[in-house]
Amino acid sequence: AEVGAAVRDFVSESGIRREDVFVSSKLHPESRSFKSALAAGRESCASLGLGYVDRMLVHTPRGGKLVEVYDALLQLQEEGIVRSVGVSNFGQEHLEALEYYGRPAPVVNQ
C-alpha cells in the first residue's frame, strides 16, 4: 500500500504518466496453489491502487504447485491486472517444467 501511494504521489506531483513508471511485485511464498495465487495477485494489485502491475513474479518454485501458480499469474495477465509474468529463484529444472507443460517463458528469472 505504501509503495502504491508513493507511486501515485510521484505520478501526480511530477506529471509523469503511470505508464512510464514500471512496478514489479512478487507473490507471497505462501501462495502455493492456483486459487491462493490468483487471490494474492488480485489483492496485491488492489492494495497498490495503480490499476495494474507491470510485472508479477512467482517468488519461489518451492513448496507448491509450480505450474498452477504460474497459470494464476497468466490468468491475471489475461484479465489485465498484470502486464507481464516472471519468476524468481528458479533453476533450470523449474523453467524446463514450464516449457514441458507448454507455458510461455517468463519474461525474467530474478
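Look a little higher up for the structure.
Residues numbered from 1 in each chain as written. Predicted model: local features only at pLDDT ≥ 70, side-chain atom pairs only at ≥ 80, totals over all residues. Heavy atoms only, no water.

1. What to know about the environment of H59
Here is step 1: Position of H59 among the secondary structure elements: in the loop between β2 (53–58) and α3 (66–78).
Here is step 2: Taking relative accessible area as the criterion, H59 reaches 26% and is therefore assigned partly exposed.
Here is step 3: Considering only alpha carbons, one finds H59 and V87, 28 residues apart in sequence, at a separation of 6.3 Å.
Here is step 4: With near-sequence residues (within four places) excluded, H59 lies in contact with K26, L27, P29, S88 and N89. (Helix = DSSP H or I, 4+ residues; strand = E, 2+ residues; numbered from the N terminus. Buried < 20%, exposed > 50% of the residue type's maximum accessible area, 1.4 Å probe, protein only. Contact = heavy atoms within 4.5 Å.)

2. Observations concerning the packing of aromatic side chains
Here is step 1: Tallying each qualifying case throughout the model produces one aromatic pair.
Here is step 2: Between Y100 and Y101, the aromatic rings sit 4.9 Å apart at their centres with planes inclined by 90°, giving edge-to-face as the arrangement.
Here is step 3: Among the residues examined, Y100 registers a relative accessible area of 67% and is labelled exposed.
Here is step 4: The ring of Y52 is capped by R18, whose NZ or CZ atom sits 4.1 Å from the centre of that ring.
Here is step 5: A cation sits over an aromatic face here: R83 above Y52, 3.6 Å from the ring centre. (Phe/Tyr/Trp six-rings, centres within 6.5 Å; stacked < 30°, edge-to-face > 60°. Lys NZ or Arg CZ within 6 Å of the ring centre and 35° of its normal.)

3. Describing the packing of α3 against helix α4 (residues 92–100)
Here is step 1: Their axes nearest at 10 Å, the elements α3 and α4 cross at an angle of 65°. Overall, the two elements α3 and α4 adopt an arrangement that is roughly perpendicular. Remark: the crossing between α3 and α4 carries right-handed chirality. The residues of α4 that touch α3, namely those facing L66, V67 and Y70, are H94, A97 and L98.
Here is step 2: A breakdown of the residues in the contact of α3 with α4 according to their chemical character gives five nonpolar, one polar and no charged. (Axes fitted to C-alpha atoms, helices over the stretch in contact; angles between N-to-C directions. Parallel < 35°, antiparallel > 145°, perpendicular 65-115°, else oblique. Left-handed = near helix turned anticlockwise from the far one by under 90°. Nonpolar A, V, L, I, M, F, W, Y, C, P; charged D, E, K, R; others polar.)

4. Some remarks on the pattern of salt bridges
Here is step 1: Per the counting criterion, the structure on display carries four salt bridges.
Here is step 2: R17 is the partner of D20 in a salt bridge, and the nearest nitrogen-oxygen pair spans 3.3 Å. (Salt bridge = Lys/Arg side-chain N within 4 Å of Asp/Glu carboxyl O.)

5. A few points about helix α1 (residues 2–14)
Here is step 1: Here α1 contains 13 residues, and its C-alpha end-to-end distance of 18 Å stays within 8% of the 18 Å for a straight helix at 1.5 Å per residue.
Here is step 2: Within α1 the residues assigned to the buried category are G4, V7 and V11. Seen from one end, α1 has its buried residues packed into an arc of 65°, which puts them on one side. Residues of α1 that are exposed and angled more than 90 degrees away from the buried face: E2, S12 and E13.
Here is step 3: At its buried positions, α1 is contacted by α2 (34–48).
Here is step 4: G15 lies just past α1 and shows a positive phi near 85°. (Expected span 1.5 Å × (residues − 1). Arc of directions from axis to C-beta.)

Coordinates in, geometry out; function isn't part of it.
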